[in-house]
Amino acid sequence: MNRAAIFEFFRRLAEANPSPETELEYGNVYQLLVAVTLSAQSTDVGVNKATRLLFAQVKHPQDMLDLGEDGLKAHIKTIGLFNSKAKNVMAMARILVDRHGGEVPADRDLLTELPGVGRKTANVVMNCAFGAETFAVDTHIFRVGNRTGLAKGKTPLAVEKGLEKKVPQPFRVGAHHWLILHGRYVCKARTPECWHCGVVDLCEYKPKVLDKGAKPAAAIKKAAARSKESMT
């Protein structure tokens, strides 16, 4: 995808959704950090259900320490890997209180030193809370970047570096939101819904699914191959 196509790609996404935001619910930077940490291998919907009552009680790291690990687990037990996540969130709260005065640092390197916080989580917090031009590559962005030709790479970091290089102003702050939402609701993993995609003509993905209910060409070929094998 060339420079002009990339600009038009984001221009259309921005026109359709001028103020994109994360779908995680939070009231301050600390709650955002906790929510993003809990969202690993979990859906935003599931995290939001678990954190609504939690965040009514916990607004700052010291509140989390006062709640205790068992109390946290009671709130997040519906989330995948909740035991290990609870340990990380509690350890994170302790470090924030002891080393950062209870504040979430506006520094990606410092964020990634916290338990349970990887590069993707740090990028989300830097972008959503501090307006940094970071690109948090999750499964959706990894898929969209490779499928569309926007930023191809074999690893999330490679896709992130591609986006850093290619995404133009004034779209850099909102880019990761637009790409996540596009991957979540349009450019889906199993069957991309190209029939209602606003950037379909810019996308380099060849087996486009232009008719609702149809299957990608690759899936059709695999099904045909399996059918052929079963007859031999």
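Small disclaimer: the values here were computed from a predicted structure and weren't measured.

Trainee: What exactly am I supposed to notice about the overall build of the protein here?
Mentor: Within the protein one finds 12 helices and zero strands. Beginning at the N terminus, the succession of helices and strands in the protein can be written as α-α-α-α-α-α-α-α-α-α-α-α. Referenced to the eigenvectors of the C-alpha coordinate spread, the extents of the protein come out at roughly 60 × 50 × 30 Å. Here the protein has roughly 12,200 Å² of accessible surface; of this, 54% comes from carbon and sulfur atoms. Charge-centre separation for the protein: the mean point of 34 positive side chains lies 10 Å from the mean point of 24 negative side chains.

Trainee: Explain the pattern of salt bridges here, please?
Mentor: Two side chains of opposite charge can pair, provided their charged atoms sit close to one another. Taken as a whole and assessed by the stated rule, the structure comprises 15 salt bridges. Where Glu 23 meets Arg 184, a salt bridge forms, and the shortest distance between an N and an O atom there is 2.4 Å. Of this pair, Glu 23 sits in the loop between helix 1 (3-16) and helix 2 (29-38) while Arg 184 sits in helix 11 (residues 175-185), placing them 161 residues apart in sequence. When its relative accessible area of 31% is taken as the criterion, Glu 23 is described as partly exposed. On the basis of relative accessible area, Arg 184 is assigned to the partly exposed category, the value being 22%.

Trainee: Where do I start with the packing of helix 1 against helix 11 in this structure?
Mentor: What describes two packed helices is the angle between their axes and the distance between those same axes. Where helix 1 meets helix 11, the axes come as close as 10 Å, and the angle between the chain directions of the two elements is 80 degrees. Considering their axes alone, helix 1 and helix 11 lie roughly perpendicular with respect to each other. Taken together, the residues of helix 11 that come into contact with helix 1 (itself represented by Phe 9, Phe 10, Leu 13 and Ala 14) are Ala 175, Trp 178, Leu 179 and His 182. Counted by class, the contact of helix 1 with helix 11 contains seven nonpolar, one polar and no charged residues.

Calculation notes
Residues numbered from 1 in each chain as written. Predicted model: local features only at pLDDT ≥ 70, side-chain atom pairs only at ≥ 80, totals over all residues. Heavy atoms only, no water. Helix = DSSP H or I, 4+ residues; strand = E, 2+ residues; numbered from the N terminus. Areas by Shrake-Rupley, 256 points an atom, 1.4 Å probe, with all protein chains shown as cover. Lys, Arg positive; Asp, Glu negative; His and termini not counted. Charge placed at Lys NZ, Arg CZ, Asp CG, Glu CD. Salt bridge = Lys/Arg side-chain N within 4 Å of Asp/Glu carboxyl O. Buried < 20%, exposed > 50% of the residue type's maximum accessible area, 1.4 Å probe, protein only. Axes fitted to C-alpha atoms, helices over the stretch in contact; angles between N-to-C directions. Parallel < 35°, antiparallel > 145°, perpendicular 65-115°, else oblique. Contact = heavy atoms within 4.5 Å. Nonpolar A, V, L, I, M, F, W, Y, C, P; charged D, E, K, R; others polar.

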